[in-house]
Amino acid sequence: MDFSQINEQPKLQVIHHPDALSNDIDLQVLRLDETHPHLSGNKWYKLKYNLLEASRLGHNTLLTFGGAYSNHIHAVASAARLFGFRSIGIIRGEAHATLNPTLSFAIECGMQLKYVDRTTYRDKTNSAFLDSLKREFGDFYLIPEGGTNELAIKGASEILHAVDKAFDYYFVPVGTGGTITGLINSLNNQGRVIGVSALKGSFLQGEVTELLNQYTQGSFDNWLMNNNYHFGGYAKVNPTLIDFIRAIENDYQLPLEPIYTGKMLFGIIDMISREEIPKGSKVLAIHTGGLQGRAGFGL
């Protein structure tokens, strides 16, 4: 499988934000959004080894799950088109006459969409439900919701391979926990990893702990989940967040989206201003892509 069109040497961008400068903090962003125009960010790393495994097993169809605004659905549809797979997306919720940009793109890529109600969607890991999907669509390679599995964590463990310097803090937005698990594993207790949850609630700390126990061999005490910057929950925003994203793009030519990366960088700047990050620290923010999500918010 030819991955030459994917850029796995993303650049580091220095952000000279006034709060960072006044606290002598070296703030940089790893621009994973530039890995590919349509298959960018952490999604590429989470999918890479799953694509290789699907090919090895002789599958020509990928099936996965997601909501109507899912970056994961967008990424799987793009990957399927790029690498010659058929794709099926099981979408949580009802179909609408007018598709949002994410689902429009998925269809353009050739993804077949099947809508299911929320009760049915909760059975996404149930063997009986998966068997019914195989009867409907034929054999497929299953990629879980959000893409998090052992192979995704293996791929996410390679995200920092392109970074040739050490940082004191590594920030990453968190949805299902696969990416931060890979980062924690690859750093092996070097530096401090802080996940900024895009979801309301405190359950992600436990889920990432479970992923680490299940898929890694080490013992890690250098990470935590910050639950203070979800802005009300997944895909919830307010004018303060939108204005922040616009200002960052205007001042630093750094595009963000409001579901994950905007919340993460807002949290970093707020923590710096509160002096929750020690003066003189070196801070790396992982830009996880997903910029197609901007369209639904007028950005």
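Cut-off values and rules
- Residues numbered from 1 in each chain as written.
- Predicted model: local features only at pLDDT ≥ 70, side-chain atom pairs only at ≥ 80, totals over all residues.
- Heavy atoms only, no water.
- Phe/Tyr/Trp six-rings, centres within 6.5 Å; stacked < 30°, edge-to-face > 60°.
- Helix = DSSP H or I, 4+ residues; strand = E, 2+ residues; numbered from the N terminus.
- Buried < 20%, exposed > 50% of the residue type's maximum accessible area, 1.4 Å probe, protein only.
- Pairing = 2+ DSSP bridges.

> Which residues make up the packing of aromatic side chains, and what values go with them?
Counted under the stated rule, the structure contains 10 aromatic pairs. Their ring planes at 35 degrees and their centres at 6.2 Å tell us that Trp44 and Phe83 sit as a pair that is tilted. Placement of Trp44 in helix α2 (residues 42–56) and of Phe83 in helix α3 (residues 71–83) is noted, with a sequence separation of 39 residues between them. Across the pair, exposure class does not vary: Trp44 and Phe83 are buried alike. Consider the rings of Phe65 and Phe129, whose centres lie 6.3 Å apart with planes at 45 degrees: the pair is tilted. One end of the pair, Phe65, is in strand β3 (residues 61–66); the other, Phe129, is in helix α6 (residues 127–137), and 64 residues separate them in sequence. By relative accessible area, which is 11% here, Phe129 ends up buried. Three or more aromatic residues joined by ring pairs make a cluster, and in this case those are Tyr229, Phe231, Phe244 and Phe266.

> Explain the pairing of strand β10 (residues 282–287) to me, using residue names and the numbers behind them.
For a regular strand, side chains alternate in direction, first toward one face of the sheet and then toward the other. Of all 6 residues making up β10, 5 are buried, and the element is well covered by its neighbours. Of the strand pairs in this sheet, strand β2 (residues 26–31) and β10 are connected by 6 bridges, and their pairing is parallel. When the bridges of β10 are listed, Asp26 appears paired with Lys282. Where strand β7 (residues 169–174) and β10 come together, 3 bridges link them in parallel fashion. Within β10, the position partnered with Tyr169 by the bridge is Val283.

Just geometry here; none of it tells us what the structure is for.
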